[in-house]
Amino acid sequence: MAEQTPAAEFEDISSARFDNPTRIDNKWLPLKPGTQFIYMGTVTEDGETIPFRLEFTVTDLIKEIAGVDTVVAWILDYSDGELVEKEISFYAQDNDGNVWYLGEHPAEYEDGNFVTAPTWIHGFADAQAGIIMTAKPEVGSPSFSQGWSPSVDFMDRGQVAEMGQETCVFTDCYKDVLIVEEFTLQEPGMFQLKYYAPGVGNVRVGWKGSDESQEELELVDIIQLDPEAMAQIREAALQLEKEANEFSPDIYGRTTPMSTSNN
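Residues numbered from 1 in each chain as written. Predicted model: local features only at pLDDT ≥ 70, side-chain atom pairs only at ≥ 80, totals over all residues. Heavy atoms only, no water.

**Student:** Just checking my understanding: could you explain the side chain of glutamate 241 for this structure?
**Tutor:** Residue position: glutamate 241 is located in helix 1 (residues 227-247). For glutamate 241, a relative accessible area of 5% gives the class buried. At 2.8 Å, the side chain of glutamate 241 forms a polar contact with the side chain of lysine 63. Not counting chain neighbours up to four residues away, the residues in contact with glutamate 241 comprise Lys63, Ile88, Tyr252, Thr256, Pro257 and Met258. (Helix = DSSP H or I, 4+ residues; strand = E, 2+ residues; numbered from the N terminus. Buried < 20%, exposed > 50% of the residue type's maximum accessible area, 1.4 Å probe, protein only. Polar contact = N/O pair within 3.5 Å; in protein donor to acceptor, adjacent residues only side chain to side chain. Contact = heavy atoms within 4.5 Å.)

As structure tokens, then:
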């Protein structure tokens, strides 16, 4: 039996080519501007299971990072009905079809007040972009870095666990489902499970092992936003970028501003 290729500590984005990086049509993670995914489920906090809602919107904004145009996602997390996080995050697809993750600004809130934001952007403070979804996932392939930023302890990894599975959520029953285990080497035995349906994307989130949050989410709606709704989200994302510049002047404040076009 051939020896398995060892996993790299982080991915080498310099070896990837990005001719049309904002067209993200990976079979397992298509990100089309104007699409909003709504997830609902539960998380465990201090031993108590509470309702959780996540809204993931693909905006029409673009942010250039290290010479690569990225698609901007706008993400809202609600715990027991209270907004606990607003996030802008950045994705790009290379010529081979891998979807890269180039950073994030996740603003955390408590009782309506801003608390902190563990921001990381590829190329700043030793942060390295990662791959959030490979072009051709295979069971048994090495794990891959989804991003590496020691300054904020972001060192998430992914590994294909299963393929050809079935799962049913509120929106539909899906076949040929891909399951990716996400973990960090610093917390062995804790795994978040992401279920991806072809042509749709992430449809379920689960857990295994000693993951204390025990997050369980399922896709409950896919919405194609109208121009008015898109404009509102665009405005909110741009406002969060202004706050990111103020909170993180040495990292986010040194990046290229978001825009609605490549120009």
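**Student:** Sorry, what's going on with the state of the cysteines here?
**Tutor:** What makes a disulfide is a covalent bond joining the sulfur atoms belonging to two cysteines. By the definition in use, this model includes one disulfide. Between cysteine 168 and cysteine 173 runs a disulfide, and the two sulfur atoms are separated by 2.0 Å. Taking the sign of the S-S torsion, about 110 degrees here, the bridge from cysteine 168 to cysteine 173 comes out right-handed. According to the relative accessible area criterion, cysteine 168 is partly exposed, its value standing at 44%. Judged by relative accessible area, which is 47%, cysteine 173 ranks as partly exposed. (Disulfide = S-S within 2.5 Å.)

**Student:** Could you clarify how one ought to interpret the packing of aromatic side chains in this entry?
**Tutor:** Each pair of aromatic rings is reported with the distance of its centres and the angle of its planes. Applying the stated criterion across every chain, the model contains 12 aromatic pairs. On the numbers, 5.0 Å between centres and 35 degrees between planes, the contact of tryptophan 120 with phenylalanine 154 is tilted. Of this pair, tryptophan 120 sits in strand 7 (residues 120-121) while phenylalanine 154 sits in the loop between strand 10 (147-148) and strand 11 (157-168), and the two are 34 residues apart along the sequence. Across the pair, phenylalanine 154 and tryptophan 120 agree in class, each one buried. Here the aromatic cluster, defined as three or more aromatic residues joined through ring pairs, consists of Phe37, Phe56, Tyr91, Tyr101, Trp120 and Phe154. The ring centre of phenylalanine 191 lies 5.1 Å from the NZ or CZ of lysine 208, which sits over that ring. (Phe/Tyr/Trp six-rings, centres within 6.5 Å; stacked < 30°, edge-to-face > 60°. Lys NZ or Arg CZ within 6 Å of the ring centre and 35° of its normal.)

**Student:** Looking at this model, I keep getting lost on the side chain of threonine 44. Mind explaining?
**Tutor:** As for its placement among the helices and strands, threonine 44 is situated in strand 1 (residues 35-45). Sequence-distant contacts of threonine 44, that is, excluding residues within four places in its chain, are made with Thr49, Glu212, Ser213 and Gln214.

**Student:** What am I meant to see in the nonpolar core here?
**Tutor:** For soluble globular proteins, the rule of thumb is that nonpolar side chains tend to be buried together. Within the largest apolar cluster, 71 residues are counted, with the highest numbers of intra-cluster contacts made by Phe56, Ile88, Tyr91 and Met133. Residue contacts for tyrosine 91: discarding those within four places in its chain leaves Ile24, Leu31, Phe56, Thr70, Val71, Ala73, Val99, Trp100, Tyr101 and Ile132. (Core = buried A, V, L, I, M, F, W, Y, C linked by side-chain atoms within 4.5 Å.)

**Student:** Is there a simple way to explain helix 1 in this structure?
**Tutor:** Given 3.6 residues per helical turn, the α-helix brings residues three or four places apart onto the same face. Look at helix 1: 30 Å from first C-alpha to last across 21 residues, which is about the 30 Å you get at 1.5 Å a residue. Within the sequence span of helix 1, burial applies to Met230, Ile233, Ala237, Leu240, Glu241 and Ala244. The buried residues of helix 1 occupy one face: seen down the axis, they fall within an arc of 110 degrees. What points out from helix 1, more than 90 degrees from its buried face, is the exposed set Glu228, Glu235, Lys242 and Glu246. Contacts made by the buried residues of helix 1 are with strand 1, strand 2 (48-65), strand 3 (68-79), strand 4 (82-93) and strand 5 (99-110). (Expected span 1.5 Å × (residues − 1). Arc of directions from axis to C-beta.)

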